[in-house]
Structures are given as C-alpha cells and as structure tokens.
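# What the coordinates show
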Amino acid sequence: MVQAYILIQTEVGRAAEVAGAVGALPGVVQADDVTGPYDVIVKAAAPNMDDLGRLVAAEIQTVPGITRTLTCPIVHL
C-alpha cells in the first residue's frame with residue numbers, strides 16, 4: 001500500500017467545499033481544510049504508485065475549485 005499527502009490550493013473561499021468533495025473520493029483517507037500556503041491537506045492511499053497517480057490526476061485534480069496540487073508520497077526510513 002502506498003500513501004501520500006496531497007497539498008491542495010483552491011480558489012478563494014472554496015477550501016471547505018473542496019475538502020468535502022475530495023474527502024468523499026475512494027482512496028482518500030482524510031481531507032482537512034487548513035490555513036497557510038495550502039488550503040486543503042489530503043491523506044490518500046492506493047495499492048501502488050500508478051494507482052496513486054491515477055487517483056490524483058483523474059479524480060482529485062478534476063474537483064471544481066482546485067487550482068494546484070502537490071503530491072508528497074510517504075516514505076518509511
């Protein structure tokens with residue numbers, strides 16, 4: 001199982017709406033709206049990196065109100 005944090009920037013005033021929509025997607029473990037340079041932080045899980053990439057590109061990035069994402073895969077050192 002591969003996990004990642006996905007940092008999301010949204011259009012002004014749409015963070016809560018985006019967090020709710022993204023949080024309902026299969027593969028999303030948690031989605032929270034936050035303050036700072038990013039508006040929403042998501043924790044996602046997928047069987048492998050390819051599936052994680054598909055989740056981000058085909059599902060998360062298509063949610064209305066998202067302007068930019070940054071995917072940070074979790075590593076265990």
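Let me sum up the structure you'll find in this document. (Residues numbered from 1 in each chain as written. Predicted model: local features only at pLDDT ≥ 70, side-chain atom pairs only at ≥ 80, totals over all residues. Heavy atoms only, no water.)

### A few points about the environment of Glu 59
Here Glu 59 shows up in helix α2 (residues 49-60). On the accessibility criterion, Glu 59 (39% relative accessible area) is partly exposed. Sequence-wise, Glu 59 and Leu 25 are 34 residues apart; in three dimensions their C-alpha atoms are separated by 7.6 Å. Residues in contact with Glu 59, not counting those within four places in the same chain, are Leu 25 and Arg 54. (Helix = DSSP H or I, 4+ residues; strand = E, 2+ residues; numbered from the N terminus. Buried < 20%, exposed > 50% of the residue type's maximum accessible area, 1.4 Å probe, protein only. Contact = heavy atoms within 4.5 Å.)

### Notes on the sheet that holds strand β1 (residues 2-10)
Spatially, four strands are ordered β2-β3-β1-β4 in an open sheet, and the strand pairing comes out antiparallel. If you trace the sheet from one side to the other, it starts and ends with β2 (28-33) and β4 (66-73), each paired once. Taking the axes of each pair of neighbouring strands and ignoring which way they run, one obtains an average angle of 20° across the sheet. Taken together, the five bridges between β2 and strand β3 (residues 40-46) define a ladder with antiparallel strand orientation. Each residue of the ladder has a partner; that of Ala 31, found in β3, is Val 42. Across the sheet, helix α1 (residues 15-23) is in contact with β1, β2, β3 and β4; its angle to β2 comes to roughly 175°. Sitting on the sheet, α2 touches β1, β2, β3 and β4, and the angle it makes with β1 is about 20°. (Pairing = 2+ DSSP bridges. Axes fitted to C-alpha atoms, helices over the stretch in contact; angles between N-to-C directions.)

### What to know about the pattern of salt bridges
For the structure shown, the criterion picks out three salt bridges. Measuring nitrogen to oxygen at the nearest pair gives 2.9 Å for the salt bridge that ties Arg 14 to Glu 11. Residue classification places Glu 11 among the partly exposed residues on the basis of a relative accessible area of 37%. Glu 17 is the partner of Arg 14 in a salt bridge, and the nearest nitrogen-oxygen pair spans 2.8 Å. (Salt bridge = Lys/Arg side-chain N within 4 Å of Asp/Glu carboxyl O.)

### So, α1
Every buried residue belonging to α1 is among Ala 15, Val 18, Ala 19 and Val 22, and all of these are buried. Looking straight down α1, one finds that the buried residues subtend no more than 100° of arc, so they occupy a single side. Along its buried surface, α1 packs onto β1, β2, β3, α2 and β4. (Arc of directions from axis to C-beta.)

### Looking at the nonpolar core
Residues Ile 8, Val 22, Val 42 and Ile 60 are the most contacted members of the largest nonpolar core, which totals 20 residues. Not counting the four nearest positions on each side in its chain, Val 22 is found in contact with Ile 8, Val 28, Val 42, Ile 60, Val 63 and Ile 66. (Core = buried A, V, L, I, M, F, W, Y, C linked by side-chain atoms within 4.5 Å.)

### Points about α2
Burial in α2 covers these residues: Leu 52, Leu 55, Val 56 and Ile 60. Buried residues of α2, viewed axially, fall in a sector of 90°; they line one side. Seen from the buried face of α2, the exposed residues on the opposite side, beyond 90 degrees, are Asp 50 and Arg 54. Where α2 is buried, its residues touch β1, α1, β2, β3 and β4. With a side-chain oxygen positioned 3.1 Å from the backbone nitrogen of Asp 50, the residue opening α2 is Asn 48. (Polar contact = N/O pair within 3.5 Å; in protein donor to acceptor, adjacent residues only side chain to side chain.)

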